[in-house]
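Notes for the structure review
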Amino acid sequence: MATRKATAQPNVSAEELTKYYRDMLLIRRFEEKAGQLYGMGLIGGFCHLYIGQEAVVVGLEAATEEGDKRITSYRDHGHMLACGMDPNGVMAELTGREGGYSKGKGGSMHMFSKEKNFYGGHGIVGAQVPLGAGLAFADKYLENGRVTFTYFGDGAANQGQVYETFNMAALWKLPVIFVVENNQYAMGTAQKRSTSTPDLHTRGEAFGIPGEEVDGMDVLAVKAASEKAVAHCRAGNGPYILEVKTYRYRGHSMSDPAKYRTREEVQKMREERDPIDHVRDMLLQGKHATEDDLKAIDKEIKAIVNDSAEFAKESPEPALEELWTDIYADATA
Ligand SMILES: Cc1ncc(C[n+]2csc(CCOP(=O)(O)OP(=O)(O)O)c2C)c(N)n1
Ligand SMILES: [Mg+2]
């Protein structure tokens, strides 16, 4: 149980809070299941879990509208679930099966959904940042009022291409929100060992891009910051940077021995700052839900996740002919 005091949130309805609880819990249970399947040898290749960071994407998604776009790195399962992609399709992609979003040919890091405007899933650190600006460029050109959420990590924030992108995004006033998910580590390297100045939200100053630091363990704080950033972009003011302070509980990927930090550090975060416990406390203390209500939600989420694992195990391997499809973009689509 979180020791953080739950604060009164008069502007948030019971329905909203319950939705955030459910959405974050879905990500957590899904990731726990993915970890299990990986341990059983059912998932091959890389697998980067999002456990601990759930409030970031759920809070940001709370301010989106139909047609807004999102693009992120390889730590992408949470983003897909939060924008409404089907857990069955995501899990089946992890196990490399035909029922997966990339028909089993992409795996954990390479999934897309045109329907949900999810543009991946990118394994090259920082590569999605210029792509995100490109998506925003298209929307600006089409004058459709859409915003693109471009997520990247604290490690990626030191990449050169990020700053080339900042320059052009500011110059052309592109409607893009750069979300730095600062989980304090880039693989085994702590931020203080790799980064000259810790405040990543100020990295846009040289380009005239405003930035803000946000508590990424508090879904309501993330939602409020997201609303502000979205309003800035939709009003035609150009890009915005949100540095969302968060923490990953698990290793960088499933093959991380985690020798670069203490168990106590992780334990302290889990006990004192957990984003799901935080909302749980608010629901109970605000009498928006009873323990039984929350148990019912837990049960419902467990069933969704178990079903996705079954689907991912039963879906067949992709047919050999599939090797030759989806190689080039279909210009007619
Ligand atoms: C261009 C490039 N360099 C190095 C790597 C290896 N690599 C993969 S993840 C990673 C760390 C990135 O950390 P961060 O941006 O903080 O994201 P996080 O994993 O914490 O979500 C590195 C160096 C890579 N995939 N691409
Ligand atoms: Mg990081």
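Structure: see above.
These remarks concern the structure in this document. None of the values given here were measured: they were computed from a predicted structure.

Things to note about the nonpolar core
As a rule of thumb, soluble globular proteins bury nonpolar side chains together. Within the largest apolar cluster, 67 residues are counted, with the highest numbers of intra-cluster contacts made by Tyr 21, Leu 60, Phe 149, Ile 177, Val 219, Leu 242 and Val 279. Ranked by residues supplied to this core, first place goes to helix α1 (residues 14–39) with 10 residues. Every residue in contact with Leu 242, bar those within four places of it in the chain, is listed here: Leu 60, Ile 177, Phe 178, Val 179, Val 180, Glu 212, Val 214, Ala 225, Ser 226 and Ala 229. Residues Val 129, Ala 133, Ala 156 and Leu 200 belong to the second largest nonpolar core, which totals 18 residues.

Focus: the packing of helix α4 (residues 87–94) against helix α11 (residues 291–314)
Between α4 and α11, the shortest axis-to-axis distance is 8 Å and the interhelical angle comes to 45 degrees. As far as their axial angle goes, α11 and α4 are oblique. The handedness of the crossing between α4 and α11 is right-handed. Side by side, α4 and α11 meet where Pro 87, Asn 88, Gly 89, Met 91 and Ala 92 of the first sit next to Ile 304, Asp 307, Ser 308, Ala 309, Phe 311 and Ala 312 of the second. When its residues are assigned to classes, the contact of α4 with α11 shows 7 nonpolar, 3 polar and 1 charged.

Details of the packing of aromatic side chains
Within this structure, the stated rule accounts for 8 aromatic pairs. The interplanar angle of 70 degrees and the centroid separation of 6.5 Å between the aromatic rings of Phe 152 and Phe 178 together place this pair among those described as edge-to-face. With Phe 152 in strand β2 (residues 148–153) and Phe 178 in strand β3 (residues 176–182), this residue pair connects regions lying 26 residues apart in the sequence. Taking the relative accessible area as the measure of exposure, Phe 152 reaches 3% and is therefore buried. Consider the rings of Tyr 185 and Tyr 260, whose centres lie 5.3 Å apart with planes at 50 degrees: the pair is tilted. Residue Tyr 185 is found in strand β4 (residues 185–186), and its partner Tyr 260 is found in the loop between β7 (240–245) and α9 (263–273); the two are separated by 75 residues along the sequence. Exposure remark for Tyr 260: the relative accessible area of 23% places this residue in the partly exposed category. Aromatic ring contacts, followed pair by pair, group Phe 152, Tyr 163, Phe 166, Phe 178 and Phe 207 into a single cluster.

So, the sheet that holds strand β1 (residues 69–71)
Hydrogen bonding along the main chain pairs the strands of a sheet, whether they run parallel or antiparallel. Read from one edge of the open sheet, 5 strands run β1-β2-β3-β7-β6, paired in parallel fashion. Strand pairing shows two members of the sheet lacking a second neighbour, β1 and β6 (211–215), which therefore form its edges. Each neighbouring strand pair of the sheet contributes to a mean axis angle of 20 degrees, computed without reference to strand direction. Bridging between β2 and β3 involves 6 bridges; their strand directions are parallel. Following the sheet pairing, Phe 149 is matched in β3 by Ile 177. Against the sheet, helix α2 (residues 54–61) contacts β1, β2, β3 and β7, and its axis sits at roughly 165 degrees relative to β2. Relative to β3, helix α6 (residues 160–171) is tilted by about 150 degrees, and along the sheet it contacts β2, β3 and β7.

Scoring rules and cut-offs
Residues numbered from 1 in each chain as written. Chains lettered and ligands numbered in written order. Predicted model: local features only at pLDDT ≥ 70, side-chain atom pairs only at ≥ 80, totals over all residues. Heavy atoms only, no water. Core = buried A, V, L, I, M, F, W, Y, C linked by side-chain atoms within 4.5 Å. Buried < 20%, exposed > 50% of the residue type's maximum accessible area, 1.4 Å probe, protein only. Helix = DSSP H or I, 4+ residues; strand = E, 2+ residues; numbered from the N terminus. Contact = heavy atoms within 4.5 Å. Axes fitted to C-alpha atoms, helices over the stretch in contact; angles between N-to-C directions. Parallel < 35°, antiparallel > 145°, perpendicular 65-115°, else oblique. Left-handed = near helix turned anticlockwise from the far one by under 90°. Nonpolar A, V, L, I, M, F, W, Y, C, P; charged D, E, K, R; others polar. Phe/Tyr/Trp six-rings, centres within 6.5 Å; stacked < 30°, edge-to-face > 60°. Pairing = 2+ DSSP bridges.

Such coordinate-based values are descriptive only and should not be taken to indicate function.
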